[in-house]
Amino acid sequence: ETGVTQTPRHLVMGMTNKKSLKCEQHLGHNAMYWYKQSAKKPLELMFVYSLEERVENNSVPSRFSPECPNSSHLFLHLHTLQPEDSALYLCASSLTQGGGSYNEQFFGPGTRLTVL
Amino acid sequence: GDSVTQMEGPVTLSEEAFLTINCTYTATGYPSLFWYVQYPGEGLQLLLKATKADDKGSNKGFEATYRKETTSFHLEKGSVQVSDSAVYFCALMGSGGSNYKLTFGKGTLLTVNP
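Quantities reported herein were computed from a predicted structural model and do not represent experimental measurements.

Undergrad: Any details on the packing of aromatic side chains? Residues and values, ideally.
TA: By the definition in use, this model includes 12 aromatic pairs over all chains. Judged by centre distance (5.3 Å) and plane angle (75 degrees), the rings of Tyr102 of chain A and Tyr100 of chain B are edge-to-face. Of this pair, Tyr102 of chain A sits in strand β11 (residues 101-102) while Tyr100 of chain B sits in the loop between β10 (86-93) and β11 (102-104), each in a different chain. Residue Tyr102 of chain A shares its accessibility class with Tyr100 of chain B, and that shared class is buried. When the ring of Tyr25 of chain B is compared with that of Tyr66 of chain B, the centres are 6.1 Å apart and the planes differ by 85 degrees; the resulting orientation is edge-to-face. Taken together, the residues Tyr25 of chain B in strand β4 (residues 23-26) and Tyr66 of chain B in the loop between β8 (62-65) and β9 (75-77) connect sequence positions 41 residues apart. The two residues Tyr25 of chain B and Tyr66 of chain B agree in class, both being buried. An aromatic cluster of three or more residues is present, and its members are Tyr33, Tyr35 and Phe107 of chain A together with Phe34, Tyr36, Phe89 and Phe104 of chain B.

Below, the structure is given as structure tokens:
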């Protein structure tokens with residue numbers, strides 16, 4: 001595998017289900033991101049992990065719970081979602097040199113989530 | 001705060017036509033500028049970047065020049081192909097504070113007809 005991979009690519013879930021999205025980066029990066037892409041809206045940054053510490057939680061509802069067990073893996077745990085949470089969820093990674101300097105972000109293919 | 005404004009689409013061109021997608025930005029300091037492309041059913045791919053004023057980013061026949069005096073980063077290609085049909089996003093990354101944060105434009109859908 002190369003680049004940034006995401007699984008599953010498609011997910012349909014009911015409002016009472018619990019599911020998880022997985023992201024893995026094979027680029028040697030040390031910062032990882034979750035974005036939400038909805039129709040007709042700009043990309044929304046949800047969470048940022050830098051050196052395995054969460055550095056951004058962009059007012060995301062608690063029904064979304066991120067986890068970053070190491071610098072290569074990122075999860076987004078989902079529970080009791082709403083239909084308006086249906087969107088494309090994109091993972092990205094980048095390299096930070098430390099001292100607040102970050103390089104460009106590389107994106108995965110996304111997980112298309114549908115909440116019924 | 002930082003913001004990016006890019007031309008609203010959709011843009012429809014014939015093959016071999018000249019492409020320009022306008023992008024202007026508002027930011028403090030010296031941001032880095034990017035163009036990303038999203039093909040149908042896929043994630044975003046970095047197309048090109050420029051990190052300082054007057055830099056020209058280029059890739060796959062696409063070009064964009066970082067113009068600080070006009071706060072612009074317009075995307076151009078001399079001869080588009082059907083395979084260039086996609087959504088194009090202009091983005092900036094700030095130079096201070098939380099400079100991991102990418103600010104995106106709304107995207108421009110390009111359709112190239114044979």
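Undergrad: Provide a residue-level description of the environment of Phe75 of chain A, including the pertinent values.
TA: Residue and element names in this part refer to chain A. Assignment of secondary structure puts Phe75 in strand β8 (residues 73-79). For the pair Phe75 and Gln6, spaced 69 residues apart in the sequence, the C-alpha separation amounts to 9.6 Å. Excluding anything up to four places from it in sequence, Phe75 contacts Leu21, Lys22, Trp34, Ser65, Pro66, Glu67 and Pro69.

Reading the values: rules and limits
Residues numbered from 1 in each chain as written. Chains lettered and ligands numbered in written order. Predicted model: local features only at pLDDT ≥ 70, side-chain atom pairs only at ≥ 80, totals over all residues. Heavy atoms only, no water. Phe/Tyr/Trp six-rings, centres within 6.5 Å; stacked < 30°, edge-to-face > 60°. Helix = DSSP H or I, 4+ residues; strand = E, 2+ residues; numbered from the N terminus. Buried < 20%, exposed > 50% of the residue type's maximum accessible area, 1.4 Å probe, protein only. Contact = heavy atoms within 4.5 Å.

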